[in-house]
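Each chain, letter by letter, is given below.
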2 protein chains.
Amino acid sequence: MSRRTPSGAAVLQPGVTAAITDAVFAELVERGYARLSMEGVAKRAGTGKSALYRRWSTKQEMVLAVLAEISVPLAEIEDTGTLRGDLRATVAAVAAWLTEPPFCRIVPDLVAEATRTPELAQAIAAAVGEPRRALGRGKLERAIARGELPADTDLEMAQDLMAALVYWRMVVRQAPVEPDYLDRVTETVLRALGATSRKT
Amino acid sequence: MSRRTPSGAAVLQPGVTAAITDAVFAELVERGYARLSMEGVAKRAGTGKSALYRRWSTKQEMVLAVLAEISVPLAEIEDTGTLRGDLRATVAAVAAWLTEPPFCRIVPDLVAEATRTPELAQAIAAAVGEPRRALGRGKLERAIARGELPADTDLEMAQDLMAALVYWRMVVRQAPVEPDYLDRVTETVLRALGATSRKT
């Protein structure tokens, strides 16, 4: 006999959560953050607004929880044992995250929205940016420990470099990339960081 | 006696053009590209739609002409005679362009819009991106001629570097910058390019 759920407990059905997650992504892609509404998400997910509010108290909280759940694991790169290998894998993961659906639509839209709402910018940084950066920082610290990077490496700038070049070329400029573009970015970052393992 | 304008000629009054330019910027900041309309711009400029269509045939053409007119001259940096000096001035100009009104609102909005409309991305590149990059390319070529940069410098990547770091940190992340941030970016770019004038 199956165990009965105590009456009154807030039970969150995984199937409903999955449907809401899909609906949030679809609404972000189609309508953008500014026009996304709790009503629209509930309707698309085939549930009621109460199901959303049982999980999150605001639209911002809901969107960031859903984004973080998918975006942060995408930054988990296997340790390759070398700085070059780790950088190459990281740059490729960033490029895939920023240029493939749904994030190629969602990220620029959220950036534009955040320029109007500093509080949203801070919330995005806390929910998505910082956890992703913490993963990248670990790789840089291991490279310092191995002697591949100077001990006084500017970790903040190093982390900016990995995403900045890809974002500017592929998202802002939407410019063509050379077949070996990700390799070139990797070598550029290695040189910028003064890595001992750099080719030139 | 002042010369009379031949009747029937398309005379564009500079005062009207200036009012339209101001109106385009104000509408881009307040409403964004997607919701900007010829009607809204005409109303704000205190003129008729015909005054707009006499100058430009579409909304996209009007917006890009107005943006280019202001944005491209902002990339005209005086020749400092050294790569470090030119880079420092360029990075500072890019930071001012991207982080001060009205462009701090307009650029991210256009980037988001362009991810939905590849044709808009190409038009922005042609009207604003390429003329600005041509100015930057001249400085890099002079540095190669002076022997400060290798002859086979990846000019495309070099130009990306100057804007990419600033855009990522200050626009996408909206993260705090160190007091000497622009100096650090300059040194990072010099190292990335393998400049002979780099400090380390």
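Residues numbered from 1 in each chain as written. Chains lettered and ligands numbered in written order. Predicted model: local features only at pLDDT ≥ 70, side-chain atom pairs only at ≥ 80, totals over all residues. Heavy atoms only, no water.

*Asks:* What's the story with the side chain of Thr186(B) in this structure? I'm lost.
*Replies:* Topologically, Thr186(B) is positioned in helix α9 (residues 181-192). In this structure, Thr186(B) is in contact with Arg84(B), Leu87(B), Arg88(B) and Val91(B), ignoring residues within four places of it in sequence. (Helix = DSSP H or I, 4+ residues; strand = E, 2+ residues; numbered from the N terminus. Contact = heavy atoms within 4.5 Å.)

*Asks:* What am I meant to see in the packing of aromatic side chains here?
*Replies:* Aromatic ring pairs are defined here through the distance separating the ring centres and the angle between the ring planes. This structure, assessed with the given rule, holds seven aromatic pairs over all chains. Measuring from centroid to centroid gives 5.7 Å for Phe25(A) and Phe103(A), while their planes differ by 85°, and the two rings are edge-to-face. With Phe25(A) in helix α1 (residues 14-31) and Phe103(A) in helix α6 (residues 103-116), this pair connects stretches of sequence that are 78 residues apart. Under the relative-accessibility criterion, Phe25(A) is labelled buried at 11%. Judged by its relative accessible area of 5%, Phe103(A) is buried. Members of the aromatic cluster, connected to one another through ring pairs, are Tyr167(A), Trp168(A), Tyr167(B) and Trp168(B). We note Arg132(A) situated over the ring of Trp97(A); from NZ or CZ to the ring centre the distance is 3.7 Å. (Phe/Tyr/Trp six-rings, centres within 6.5 Å; stacked < 30°, edge-to-face > 60°. Buried < 20%, exposed > 50% of the residue type's maximum accessible area, 1.4 Å probe, protein only. Lys NZ or Arg CZ within 6 Å of the ring centre and 35° of its normal.)

*Asks:* How do you make sense of the domain arrangement of chain A when you look at a structure like this?
*Replies:* Buried accessible area, meaning the area lost when the parts come together, often serves as the stated size of an interface. Residues and elements named next belong to chain A. When cut into domains, chain A gives domain 1 (14-58) and domain 2 (72-192). Between domain 1 and domain 2, the C-alpha centre-to-centre distance is 28 Å. Residue-level contacts link six residues of domain 1 with eight residues of domain 2. Contact with domain 2 buries surface across domain 1, with Phe 25, Val 29 and Tyr 33 losing the most and accounting together for 71% of the total. The interface formed by domain 1 and domain 2 holds zero salt bridges in total. Linking domain 1 with domain 2 are one residue pair in polar contact (both at pLDDT 80 or more). Grouping the constituent residues of the side of domain 1 that touches domain 2 by class yields five nonpolar, one polar and no charged. (Domains from an automatic or database assignment. Buried area = accessible area lost by both parts, 1.4 Å probe. Salt bridge = Lys/Arg side-chain N within 4 Å of Asp/Glu carboxyl O. Polar contact = N/O pair within 3.5 Å; in protein donor to acceptor, adjacent residues only side chain to side chain. Nonpolar A, V, L, I, M, F, W, Y, C, P; charged D, E, K, R; others polar.)

*Asks:* Would you take a moment to explain the environment of Val128(B) for this structure?
*Replies:* All names here are of chain B. Assignment of secondary structure puts Val 128 in helix α7 (residues 118-145). It is 19 Å that separates the C-alpha atoms of Val 128 and Thr 17, two residues lying 111 residues apart in sequence. Apart from residues lying up to four places away in sequence, Val 128 is in contact with Leu 67, Ala 68, Ser 71, Val 72 and Trp 97.

*Asks:* What should I look at first to understand the UniProt feature "domain: HTH tetR-type" (unreviewed entry) in chain A in this one?
*Replies:* Listed under "domain: HTH tetR-type" (unreviewed entry) in the UniProt record, and renumbered for this structure, are residues 14-74 of chain A. With 75% helix and 0% strand, residues 14-74 of chain A has its two end C-alpha atoms placed 21 Å apart. (UniProt positions renumbered as here; feature names shortened; annotations may be inferred.)

*Asks:* Would you take a moment to explain α6(A) for this structure?
*Replies:* Residues three or four positions apart in an α-helix share a direction because the helix packs 3.6 residues into each turn. The end-to-end C-alpha distance of α6(A), which contains 14 residues, comes to 20 Å, matching closely the 20 Å that a straight helix rising 1.5 Å per residue would cover. Of all 14 residues in α6(A), twelve are buried; the element is thus mostly enclosed. (Expected span 1.5 Å × (residues − 1).)

*Asks:* I would appreciate a short explanation of the UniProt feature "DNA-binding region" (unreviewed entry) in chain A in the present structure.
*Replies:* Within the UniProt annotation, "DNA-binding region" (unreviewed entry) is assigned to residues 37-56 of chain A. A helix fraction of 75% and a strand fraction of 0% characterise residues 37-56 of chain A, whose end C-alpha atoms lie 13 Å from each other.

*Asks:* Can you help me understand the interface of chain A and chain B in this one?
*Replies:* Contacts between chain A and chain B engage 39 residues on the former and 39 residues on the latter. Summing both partners gives a buried area of about 3500 Å² for chain A against chain B, and 57% of it is carried by carbon and sulfur. For the chain A face of the interface with chain B, the top three residues by lost area are Arg116(A), Met157(A) and Trp168(A), together amounting to 19%. At the boundary of chain A with chain B, the tally comes to eight salt bridges. Note that Arg173(B) is salt-bridged to Asp160(A), the shortest N-O span being 2.8 Å. Taken together, the links from chain A to chain B amount to 16 residue pairs in polar contact (both at pLDDT 80 or more). Elements supplying a minimum of two residues to the side of chain A that touches chain B: α1, α6, α7 (118-145), α8 (155-172) and α9 (181-192) of chain A. For the side of chain A that touches chain B, the element with the most residues is α8(A), which contributes twelve residues. Across the side of chain A that touches chain B, the residue classes tally to 20 nonpolar, five polar and 14 charged.

*Asks:* It is not clear to me how unusual backbone geometry should be interpreted in this structure. Could you clarify?
*Replies:* All names here are of chain A. The linkage connecting Pro 101 with the following residue, Pro 102, adopts the cis geometry, with an omega of 0°. Tracing the sequence through the fold places Pro 102 in the loop between α5 (83-99) and α6. One non-glycine residue, Gln 174, lies in positive phi territory at about 45°. Within the element layout of this structure, Gln 174 appears in the loop between α8 and α9.

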